[in-house]
Structures are given as C-alpha cells and as structure tokens.
Amino acid sequence: AFLQEQTMGNSNSVPQVRAKEVKRVCENRCGWLCKRGLTNTSLQRRWCAVHDLHLYYFENPRSDEPKGVVNLRGAIVNRSKKVKMALEIETGALVSEKGMEKRTYMFTTVGTDDKSRGQMTDVMKREQKRKDQESLDKWLKVLQEETAKTFTPS
C-alpha cells in the first residue's frame, strides 16, 4: 500500500497524508500550480502531486496535510476555454458514484514561479510564458494519463 490515508469524519473529508510521502511515490508528477477556488476566486499557489487517481494540493512540499484532493476517477481534463494558460478538471463527469462530487476545478501554471513579473523585461516575460506553457502541457498530459486509468485495468 502507498500511504496510510486516515480520513476524519465523513467520506468527503480530505485524506490526512503528508506532502513528502506523496512526493516520494509520485516521481515527476508533482510541482507547483495555482488553483482558483469556488468561493475564493483569486489564484492560490499550491504544491500539487498526482497519485492513484487523485490530485493532492498542499500549501507547500513540507505540509503535514493537503489543503484538498481532487478525485480524478472519471474526470475530464482539458485546457480551459475561459481562462488562458489554465486547465479545467471536471470531476464526476464520466462515472457516477455515491458521494462523488461533480465540480469543475481550475488550475494554472502562471504565477507558480513566485517572481514579480512587473520587474521582468519583455525577453524575460516571453521566456516565462514559454516555461508556463511547457509546464501546462506537462500537467495536462500527466492528468489525462491519470484519469485514463479509470478505464484501464491495473
């Protein structure tokens, strides 16, 4: 077994796993993303890791517990049509299980470097945009491969 996931209370609660435990098993399928919430719509920088049909998001790579978990089982992951340089994860889209939340999550790679873009030259901005796009492509591939496991026997 991968991690001892202890959930507090109901089935919708967040598994209590440490970021470093997730990092150890997820190889290159972890890193920084910015998440837009349902109520707090400003972008929040989160350290994310993909493992076992879940996207865990933490405050940082040393956090003792995730801020949240996105269930990727039967989810659809695409580039956002509404927001440039962003991904949308539509949970519960292809499978229907009791207690599975139907929701659209938004993540972006823009702003994950934590640098002040206002002080960047045009060349630096172009290079950063290229890196953001490269990172977005990587995350899209990783998340789509993970959601495909829903329908492939392990």
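Residues numbered from 1 in each chain as written. Predicted model: local features only at pLDDT ≥ 70, side-chain atom pairs only at ≥ 80, totals over all residues. Heavy atoms only, no water.

Let's talk about the packing of aromatic side chains
- For the structure on display, the rule yields three aromatic pairs.
- Both rings, one in Y56 and one in F58, keep their centres 6.5 Å apart while their planes meet at 25°; by these two values the pair is stacked.
- By relative accessible area, Y56 is classed as buried at 0%.
- Given the relative accessible area of 0%, F58 is considered buried.
- On the numbers, 6.1 Å between centres and 65° between planes, the contact of Y57 with F107 is edge-to-face. Placement of the pair is Y57 in strand β3 (residues 54–58) and F107 in strand β7 (residues 103–108), with a sequence separation of 50 residues. For the pair Y57 and F107, one class covers both residues: buried.
- Cluster of aromatic residues (ring-pair linked, three or more members): W47, Y56 and F58.
- The residue whose ring lies beneath R45 is W32, and the NZ or CZ to ring-centre distance is 3.7 Å.
- In this structure, R103 packs its charged tip against the face of Y105, placed 3.9 Å from the ring centre. (Phe/Tyr/Trp six-rings, centres within 6.5 Å; stacked < 30°, edge-to-face > 60°. Buried < 20%, exposed > 50% of the residue type's maximum accessible area, 1.4 Å probe, protein only. Helix = DSSP H or I, 4+ residues; strand = E, 2+ residues; numbered from the N terminus. Lys NZ or Arg CZ within 6 Å of the ring centre and 35° of its normal.)

Things to note about the nonpolar core
- Counting 19 residues, the largest nonpolar core has L55, V70, L72, I89, F107, W139 and L143 as the members making the most contacts within it.
- Counting only elements with at least two residues in this core, the list comes to β2 (43–51), β3, β6 (86–91), β7 and α2 (122–148).
- Broken down by element, this core gets its largest block of residues, five residues, from α2.
- In terms of nonpolar packing, the next biggest core, distinct from the first, is built from ten residues, A19, W47, Y56 and F58 among them. (Core = buried A, V, L, I, M, F, W, Y, C linked by side-chain atoms within 4.5 Å.)

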